[in-house]
Amino acid sequence: MPGSRAPPSTRSSLCSACPGPAACDPSAFRAPRTAMGPRAGALVSRGLILCVWLTTHRAGAHAEGFSQEGLDASRADLWASANTSLLQGFRCQPASQLSRDHLSALIRRMASQQVLLKAWQLSCLANLAALHGLQSDFPLHPPDLLLFYNLGHVKEADCRAFTGRAAQGDTELLANLPDQRAALQHSALACLGVSHPPRLSASDLLLLGILVCDMEASSIVASDPHVLQNLQRCPRLTPAQQAALNTLLTSGRTVLGPPISWNLEGLQALGPLATYISSSLWMQVQEAVGLDFFGSMVAACRAGRLSQRDIRHFVTSFLEAKAKAKLMSSRPKRGTATGRPCIQGNITAATLQDDLFLLHYDCSQLESCLGSRVLRANVDRLLQHPLPTECQRVVKAKLARIYPSGIPEEQLRLIASLVYLYSLVEIRQWNITSRDTVMALLASDVALENQTEAILQKFLDHKGTITSALLVAIGGSRLCWMSPRQIQAIRPSEFRLAGALDTSSCPQSRKNQLFFKAREAFGSTGPTAAYYDFVRPYLGGAPTEELQRLAQANVSMDIHTFTNLNPCALQNLSVNNVRTLLGQNVGDLQKARSHPTISSWLRSLNKSLDELGLDTDPASPTSPTGTHSNAPWTSHLTSPGEGPGKDAPTSGSPPAHLGYLLLAVALPSSLLWLLYWGALGPCWDSQCPLKTALCW
């Protein structure tokens, strides 16, 4: 659906990019190899043409034979038709060279194409919009972008329209901006004029959208029952919010009515909220309705439409309710321990097709009724059911009896959901020779730290190599659990091809190692601006001297990357280092002042942002925010005419070579694609001068 986000591991990350200041997107893709040979299989960056267009625009005013009017018209047409994959490669440094009109066209195109940008892209784009006085055009901007705007620049008369638009965004993007997230909620409630704790009406809830996800539990119970529609958009509920949800459902005030009157359609309409229903509440639902809904949930799970977290939460609660009901309706019988005779009948392949399988066979019956032959032939079908942990242990024990010398590799690919149950000694018995096996075992996010390292080591011991495709498939978080020796074994070329991997969850020691691997991979990329674009995801492990070097290069680091820096390295930076490192994004410190990384840095200085002179408004870089605070709903907004000129520059980008710029303007985009497609080797290779020149 529009606005939904795919997991990081699913995005295309195999890429190349041209080593210039307007660096292309490292999240591009590898072109498929064909019978035409290596030239047709060259690495393709979807951001290349963006590099060409941006760089051409920058120097277009100086190119003889090309009128500024004609060039502007051409570029305006470009932004009005740019496709989603191109726009997802957005980079702040090249975009900062755009005029006000072209930046506006770019932002509007992103909105119309529903382009999903990352937090680091949105924060700096919001600052560029502020610099050009574009915030007043918020109705035409992406909802996600509004989350990052300075709320102090929103007119009071616009507060409801702004809140309604921003409430369509994804507030999880503000994970590293806790103060901005809190200010957004406070501003929205102030706009509505509601009391505290808020008792939200249906019209309030319609306006607040996803912002309700940050409300206190008491507000959920006190608000109009339409709050369920808001809560369906929340990525997760806190335990207190879950309890409030169950209180509201128990009250019978919702459209579902009291639990005894619930039907299948009503439960399905709850969407993900149904996974939070407590066992005590399930006991009040009619048995036939509960069974129908359980079957529909298992079918959705087997079809891959539910996350493992959600389905396990639901199954645990539902089975607990069934066990309580059974205990209350009959006295416990003898022989209920594991090993009792099979009562339900032997499990067959047909039995495993039943979505109600788990209701007919508890874990003790699974032990008694599942034969070795059926398990060997149907292990994948069995594990498609959301088995409770106790049942998973039964399956693991049976597999050990079937395969006393270790599970065969073809079966390993089918038991990813059980991996977390295996010890290192057991994993050492496995035979892992295929990259596909590693992907199957690790891509499910079930394997734990030591298991990840052990699985990879078994693969490496069989002369396997850690390729870019493998890194992308298992995701950046798995890098956190590789041993230092395994990280060192990754070839720089494969690390480059893997693109931007999310390693923000890694412990600091791993971040440090991964940074040096990234520097090894990208160190020869070219100018500092291009190097920064590639190494940015790994700067959480950068030492102080590296951050000081980047500050001198005027890279204008985004606040998302800044909050992920090593706190120890950050504390060694001077105030001036931080100011120059963040550049035009320095005002975002105010939006993240409570973030642990920033608050610890401020404590080390024993000063506030105001005292340090770092409380700077992005829309007015030379002025403190005493008159432009992030407080809600001011009575004025910077007008377009008050912003900087159309050609306001930012530092860090050397001038483009005029000859190549003229070539880029003259050639149609289709021919540029052909030139790029036919170029030999990766773009960081010294053998691709045309690509390098086009982006320089």
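Everything below is about the structure printed above this text.
Residues numbered from 1 in each chain as written. Predicted model: local features only at pLDDT ≥ 70, side-chain atom pairs only at ≥ 80, totals over all residues. Heavy atoms only, no water.

Student: When you look at the overall build of the protein chain in this model, what are you seeing that I'm missing?
Tutor: Looking only at helices and strands, the protein chain has 39 helices and two strands in total. Relative to its full complement of 696 residues, the protein chain shows a buried share of 53%. Here the contacts in the protein chain between residues at least 6 apart in sequence split such that 70% fall between residues at least 24 apart. With an accessible surface of roughly 29,500 Å², the protein chain has 54% of that area assigned to carbon and sulfur atoms. (Helix = DSSP H or I, 4+ residues; strand = E, 2+ residues; numbered from the N terminus. Buried < 20%, exposed > 50% of the residue type's maximum accessible area, 1.4 Å probe, protein only. Contact = heavy atoms within 4.5 Å. Areas by Shrake-Rupley, 256 points an atom, 1.4 Å probe, with all protein chains shown as cover.)

Student: I tried to follow the state of the cysteines on my own but got confused; where do I start?
Tutor: Throughout the structure, instances matching the rule amount to six disulfides. Here C480 pairs with C506 through a disulfide, and the sulfurs are 1.9 Å apart. Across the S-S bond linking C480 and C506, the dihedral sits near -80 degrees, which makes this disulfide left-handed. Placement of C480 in the loop between α26 (468-474) and α27 (484-488) and of C506 in the loop between α28 (492-497) and α29 (508-522) is noted, with a sequence separation of 26 residues between them. (Disulfide = S-S within 2.5 Å.)

Student: Got a minute to help me understand the nonpolar core in this structure?
Tutor: As a rule of thumb, nonpolar side chains are buried together in soluble globular proteins. F90, M557, F562 and L589 are the most contacted members of the largest nonpolar core, which has 171 residues in total. Sort the elements by how many residues they give to this core and helix α6 (residues 119-131) lands first, with eight residues. Apart from residues no more than four positions distant in its own chain, M557 is found in contact with Y532, L539, L547, F562, L565, L581, L582 and N585. (Core = buried A, V, L, I, M, F, W, Y, C linked by side-chain atoms within 4.5 Å.)

Student: Looking at this structure, I do not really get the packing of helix α5 (residues 100-112) against α6. What am I missing?
Tutor: In a pair of packed helices, the angle between the axes and the distance between the axes together describe the arrangement. Put simply, α5 and α6 touch, their axes get as near as 11 Å, and they point 135 degrees apart. With respect to their mutual orientation, α5 and α6 come out oblique. For the crossing formed where α5 meets α6, the hand is left-handed. On α6, the residues touching L103, I107 and M110 of α5 are L125, L128 and A129. Grouping the amino acids of the contact of α5 with α6 by side-chain chemistry returns six nonpolar, no polar and no charged. (Axes fitted to C-alpha atoms, helices over the stretch in contact; angles between N-to-C directions. Parallel < 35°, antiparallel > 145°, perpendicular 65-115°, else oblique. Left-handed = near helix turned anticlockwise from the far one by under 90°. Nonpolar A, V, L, I, M, F, W, Y, C, P; charged D, E, K, R; others polar.)

Student: Please explain unusual backbone geometry as it appears in this structure.
Tutor: Among all residues save glycine, negative phi is the norm, and among peptide bonds the norm is trans. In this model, N554 sits at a positive phi of 55 degrees, which is unusual for a non-glycine residue. Mapping N554 onto the fold places it in the loop between α31 (544-552) and α32 (559-563). Even without a glycine there, the phi angle at S556 is positive, about 55 degrees. Positionally, S556 belongs in the loop between α31 and α32.

Student: I would appreciate a short explanation of helix α34 (residues 575-582) in the present structure.
Tutor: At 3.6 residues per turn, the α-helix brings residues three or four places apart onto the same side. For α34, every residue scored as buried is listed here: N577, V578, L581 and L582. Take α34 and look down its axis: the buried residues cluster within an arc of 115 degrees, on one side only. On its buried side, α34 packs onto α31, α32, α33 (567-571) and α35 (596-605). (Arc of directions from axis to C-beta.)

Student: Before we go on, may I ask you to explain the packing of aromatic side chains in this structure?
Tutor: Each aromatic ring pair is specified by the distance between its two centres and by the angle formed by the two planes. All told, the structure shown has 14 aromatic pairs when counted by the stated rule. Between F314 and F318 the ring centres are 5.7 Å apart and the planes differ by 40 degrees, which places this aromatic pair in the tilted class. Taken together, the residues span about one helical turn, with F314 and F318 both in helix α17 (residues 308-329) at a distance of four residues. Side by side, F314 and F318 carry an identical accessibility label, which is buried. Ring centres of F522 and F534 lie 5.1 Å apart, and the angle between their planes is 15 degrees; on these two criteria the pair is classed as stacked. Here F522, found in helix α29, pairs with F534, found in helix α30 (residues 528-535); they are 12 residues apart in sequence, far enough to count as distant. Look at F522 and you get buried, because its relative accessible area is 2%. Here the guanidinium or amino end of K396 rests over the ring plane of Y422, the centre of that ring lying 4.9 Å away. It is R536 that lies over the ring of W120; its NZ or CZ is 3.8 Å from the centre. (Phe/Tyr/Trp six-rings, centres within 6.5 Å; stacked < 30°, edge-to-face > 60°. Lys NZ or Arg CZ within 6 Å of the ring centre and 35° of its normal.)

Student: Looking at this structure, I do not really get empty space enclosed by the protein. What am I missing?
Tutor: Left-over empty space is what a probe sized like a water molecule reveals as it rolls over the atoms. For the structure shown, the criterion picks out nine cavities of 30 Å³ or more. There is about 110 Å³ of room inside the largest cavity. Lining the largest cavity are 13 residues, and of these C92, W120, Y532, D533 and S556 sit closest to its centre. Only α4 (92-95), α6 and α30 provide two or more residues apiece to the lining of the largest cavity. Residues belonging to the lining of the largest cavity are distributed by class as follows: six nonpolar, three polar and four charged. (1 Å grid on protein atoms, 1.4 Å probe; cavity = no way out; pocket = protein on both sides within 12 Å on 5 of 7 lines; lining within 4 Å. Points joined across faces, edges and corners; volume = space filled by probe spheres on them.)

Student: Explanation requested: the packing of α29 against α30 in the structure shown.
Tutor: Interaxial distance between α29 and α30 falls to 10 Å at its minimum, and their mutual angle equals 135 degrees. As summarised for this structure, α29 and α30 are arranged oblique, according to the angle between their axes. α29 and α30 meet at a crossing whose hand is right-handed. Residues F515, A518, R519 and F522 of α29 form the contact with α30, whose participating residues are Y531, F534 and V535. When the residues that make up the contact of α29 with α30 are grouped by side-chain class, the tally is six nonpolar, no polar and one charged.

Student: What's the story with the environment of L189 in this structure? I'm lost.
Tutor: Mapping L189 onto the fold places it in helix α9 (residues 178-192). C-alpha separation for the pair L189 and L211, spaced 22 residues apart in sequence, amounts to 9.8 Å. What L189 contacts, discounting residues up to four positions off in sequence, is V194, P198, L200, L208 and M215.

Student: Where do I start with the pattern of salt bridges in this structure?
Tutor: Pairing between side chains becomes possible if they bear opposite charge and their charged atoms approach one another. Taken as a whole and judged by the stated rule, the model has 17 salt bridges. Between E287 and K322 there is a salt bridge, with its nearest N and O atoms 3.4 Å apart. Linking E287 in helix α16 (residues 287-302) with K322 in helix α17, this pair joins segments that are 35 residues apart in sequence. According to the relative accessible area criterion, E287 is exposed, its value standing at 54%. The partner of E426 in a salt bridge is K396, with the nearest N and O atoms 3.0 Å apart. One end of the pair, E426, is in helix α23 (residues 424-427); the other, K396, is in helix α21 (residues 389-402), with 30 residues separating them in the sequence. Judged by relative accessible area, E426 falls into the partly exposed class, the value being 24%. Judged by its relative accessible area of 17%, K396 is buried. Each member of the salt-bridge network shares a partner with another, and the members are E172, R181, D214 and R236. (Salt bridge = Lys/Arg side-chain N within 4 Å of Asp/Glu carboxyl O.)

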